[in-house]
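So the chains spell out like this:
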Amino acid sequence: MIPLGYLWLIPVFVVGAAVGSFLNVCIHRLPLEKSLLWPGSRCVSCLEPIRWYDNLPLLSWWLLRGRCRTCGARFSVRYFLVELLTAAGFAALFHLVVLENVHRFELLSRQQWSIHERGEVPWEAWVVVGHHALLFSLLVVTSFCDLDHREIPLSVTGWGTVAGLAFAIACPWPWPHTVSEALAGMPQGLPWWLLSPTVGPRFGLYPWPVWGPLPDWLSPGDPWTTGLATGLAGLLVGSILVRSIRFLFSVGLGVEALGLGDADILMMAGAFLGWQPAVIAFFLAVFPAVVLGIGQLIVRGEHAVPFGPSLAVGILGAMLGWAWIAPAVQVLFFNGLLLLVLALLSGTFLFLSGLGLGLMRKMRE
Ligand SMILES: [Zn+2]
């Protein structure tokens, strides 16, 4: 018999498909600043309202073979693909967080057996899945808006940032752990960057607090100090990182390398995850961006690639892979002096190489 925990994947997939159907509406209407609620879904050719039984997620597109029932106009396969992507994404998030426990939550490893065999999922795990699913949904919308219009609606990233801050206050580090669970086995009074990689603080929903060890004016687990500080630092660092790299590129290369929409996406992700995963997400995003860029160059001969979808991949990678990333970066992220030196060096390097490239470009002209 299938362990009951795995049966949850089915309702989670169905909810994801329904959410995906709503995301399709967001992707098509928000860039045009149209209302999400009125009018109801209708065919863009004959304007006939689409009846509920023709608007079933995943199924209707196939039952109608991608055509309008009234006038026969074609509906893009994209509608179906966005629903499938969202449904599969939700199921994957549930699988990784609850069944695989990628965040290594003490709470979930204690209850492994009852989760897997009896399907008893603690409410805290649903909160974590909900948090991840909300960020995932927001990233699906920003990615497709970026692909379609090269523009990311501020209504999505703005409200997304507000939602992220609400999570930061409601679930401050080390939630869902208690403070004593989170700090168990850690030597007292030692700066966290000196810890050996195997002895880190426990990850919460926000994997790390804003700084470690926490300064005296922040008490762990307190929503209005630790929670708010973690969310605010995340949104500031995310936004400033993209904006400063964009500035350095435009000074040096004279090209618009990144959009302000990209800064807003990382601002939102920072509010959802804290500043350390936001920084890693940016660097992870470079790999898919380079692959997509080369692909685009071969297939279409175009240079510019929207960065939004790559950024989404980087954000999800940092969110789900933190248990593997953290040991390698805790020596850097809890060391203020090293961070400062590194930021100054890489800033200078980018600026000088940008200037150099700009000069070479001018000499060739
Ligand atoms: Zn029609």
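Residues numbered from 1 in each chain as written. Predicted model: local features only at pLDDT ≥ 70, side-chain atom pairs only at ≥ 80, totals over all residues. Heavy atoms only, no water.

**Notes on the packing of helix α2 (residues 9-29) against helix α7 (residues 123-149)**
So, step 1. Orientation of α2 relative to α7, taken along the N-to-C sense of each, is 35°, at an axis distance of 10 Å. Note that α2 runs across α7; the crossing there is right-handed. Along the contact surface, α2 presents Val12, Val19, Leu23, Cys26 and Ile27, while α7 presents Trp126, Ser137, Val140, Val141, Phe144, Cys145 and Asp148.
So, step 2. Within the contact of α2 with α7, the residues separate by chemical class into 10 nonpolar, one polar and one charged. (Axes fitted to C-alpha atoms, helices over the stretch in contact; angles between N-to-C directions. Helix = DSSP H or I, 4+ residues; strand = E, 2+ residues; numbered from the N terminus. Left-handed = near helix turned anticlockwise from the far one by under 90°. Contact = heavy atoms within 4.5 Å. Nonpolar A, V, L, I, M, F, W, Y, C, P; charged D, E, K, R; others polar.)

**A few points about the packing of helix α14 (residues 322-333) against helix α15 (residues 336-364)**
So, step 1. Two elements in contact, α14 and α15, have axes separated by 7 Å at closest approach and are oriented at 90°. The angle between the axes of α14 and α15 places the two elements in the roughly perpendicular class. Together, Val331, Leu332 and Phe333 of α14 and Leu338, Leu339 and Leu342 of α15 make up the contact between the two elements.
So, step 2. Classifying every residue of the contact of α14 with α15 gives six nonpolar, no polar and no charged. (Parallel < 35°, antiparallel > 145°, perpendicular 65-115°, else oblique.)

**Things to note about a nonpolar patch on the surface**
So, step 1. Taken together, Met1, Ile2, Leu4, Leu7, Ile10 and Val14 make up a surface patch of nonpolar side chains, about 660 Å² in accessible area.
So, step 2. Counting only elements with at least two residues in the nonpolar patch, the list comes to α1 (4-7) and α2.
So, step 3. Judged by relative accessible area, which is 54%, Ile10 ranks as exposed. (Patch = residues over 30% accessible without salt bridge, like charges linked within 9 Å, V, L, I, M, F, W, Y side chains within 5 Å. Areas by Shrake-Rupley, 256 points an atom, 1.4 Å probe, with all protein chains shown as cover. Salt bridge = Lys/Arg side-chain N within 4 Å of Asp/Glu carboxyl O. Buried < 20%, exposed > 50% of the residue type's maximum accessible area, 1.4 Å probe, protein only.)

**Considering the coordination of the zinc ion**
Six octahedrally arranged donors around a metal ideally form angles of 90 or 180 degrees; four tetrahedrally arranged donors ideally form angles of 109.5 degrees.
So, step 1. Around the zinc ion, the donor atoms from the protein are Cys43 (SG), Cys46 (SG), Cys68 (SG) and Cys71 (SG), and they sit 2.3 Å away.
So, step 2. Every donor counted, the four donor atoms about the zinc ion form angles of 107 to 113° at the centre, which fits tetrahedral coordination.
So, step 3. Every donor residue of the zinc ion comes from the same chain, spaced as C-x2-C-x21-C-x2-C. Taken as a pair, Cys43 in the loop between α2 and α3 (59-63) and Cys71 in the loop between α3 and α4 (78-99) lie far apart in primary sequence, 28 residues in all.
So, step 4. Classification of Cys71 by relative accessible area gives partly exposed; the value is 38%. (Donors = N, O, S within 2.8 Å, 3.2 Å for Na, K, Ca; no water. Tetrahedral: all angles 85-135°; square planar, octahedral: opposite > 155°, others 65-115°.)

**Focus: the nonpolar core**
So, step 1. Ranked by size, the top nonpolar core spans 85 residues in total, and within it Leu266, Phe282, Ile315, Trp322 and Phe333 carry the most contacts.
So, step 2. With 12 residues, α7 is the single largest residue contributor to this core.
So, step 3. Lining this core are residues from two domains, each supplying at least three of them: domain 1 (1-121) and domain 2 (150-179 + 203-365).
So, step 4. Apart from residues lying up to four places away in sequence, Trp322 is in contact with Phe203, Pro207, Trp208, Gln276, Pro277, Ile280, Pro327, Val329 and Phe333.
So, step 5. Listed in part, the five residues of the second largest apolar core include Ala17, Leu58, Trp61 and Ala87. (Core = buried A, V, L, I, M, F, W, Y, C linked by side-chain atoms within 4.5 Å. Domains from an automatic or database assignment.)

**Focus on the domain arrangement of the chain**
So, step 1. Each assigned domain of the chain is listed with its residue range as follows: domain 1 (1-121) and domain 2 (150-179 + 203-365).
So, step 2. Computed from C-alpha coordinates alone, the two centres of domain 1 and domain 2 are separated by 28 Å.
So, step 3. The partner domain 2 presents 12 residues to the 10 residues of domain 1 that form the contact.
So, step 4. Between domain 1 and domain 2 the total buried area reaches about 970 Å² when both faces are included, carbon and sulfur atoms providing 73% of it.
So, step 5. Taken as a group, His103, Arg104 and Phe105 account for 45% of the area that domain 1 buries against domain 2, more than any other trio of residues on that side.
So, step 6. Inspection of the region where domain 1 meets domain 2 yields zero salt bridges.
So, step 7. Our count for the contact surface shared by domain 1 and domain 2 stands at one residue pair in polar contact (both at pLDDT 80 or more).
So, step 8. Elements that contribute at least two residues to the side of domain 1 that touches domain 2 include exactly α4 and α5 (106-110).
So, step 9. Grouping the amino acids of the side of domain 1 that touches domain 2 by side-chain chemistry returns seven nonpolar, one polar and two charged. (Buried area = accessible area lost by both parts, 1.4 Å probe. Polar contact = N/O pair within 3.5 Å; in protein donor to acceptor, adjacent residues only side chain to side chain.)

**Quick notes on the layout of surface pockets**
So, step 1. When its volume is computed, the largest pocket comes out at roughly 1,600 Å³.
So, step 2. What lines the largest pocket is a set of 50 residues, among which Ile245, Arg246, Phe249, Leu258 and Phe282 lie closest to the centre.
So, step 3. Every element with two or more residues in the lining of the largest pocket is listed here: α10 (223-252), α11 (260-273), α12 (275-299), α14 and α15.
So, step 4. Of the residues assigned to the lining of the largest pocket, the class counts are 36 nonpolar, eight polar and six charged.
So, step 5. Taken as a whole, the second largest pocket holds about 710 Å³ of empty space.
So, step 6. As for the second largest pocket, its lining consists of 29 residues, of which Ser41, Arg42, Val44, Ile50 and Tyr79 are closest to the centre.
So, step 7. Contributing elements (two or more residues each) for the lining of the second largest pocket: α2, α3 and α4.
So, step 8. Here the lining of the second largest pocket gets five residues from one element, more than from any other, and that element is α2.
So, step 9. Here the residues of the lining of the second largest pocket sort into 15 nonpolar, eight polar and six charged. (1 Å grid on protein atoms, 1.4 Å probe; cavity = no way out; pocket = protein on both sides within 12 Å on 5 of 7 lines; lining within 4 Å. Points joined across faces, edges and corners; volume = space filled by probe spheres on them.)

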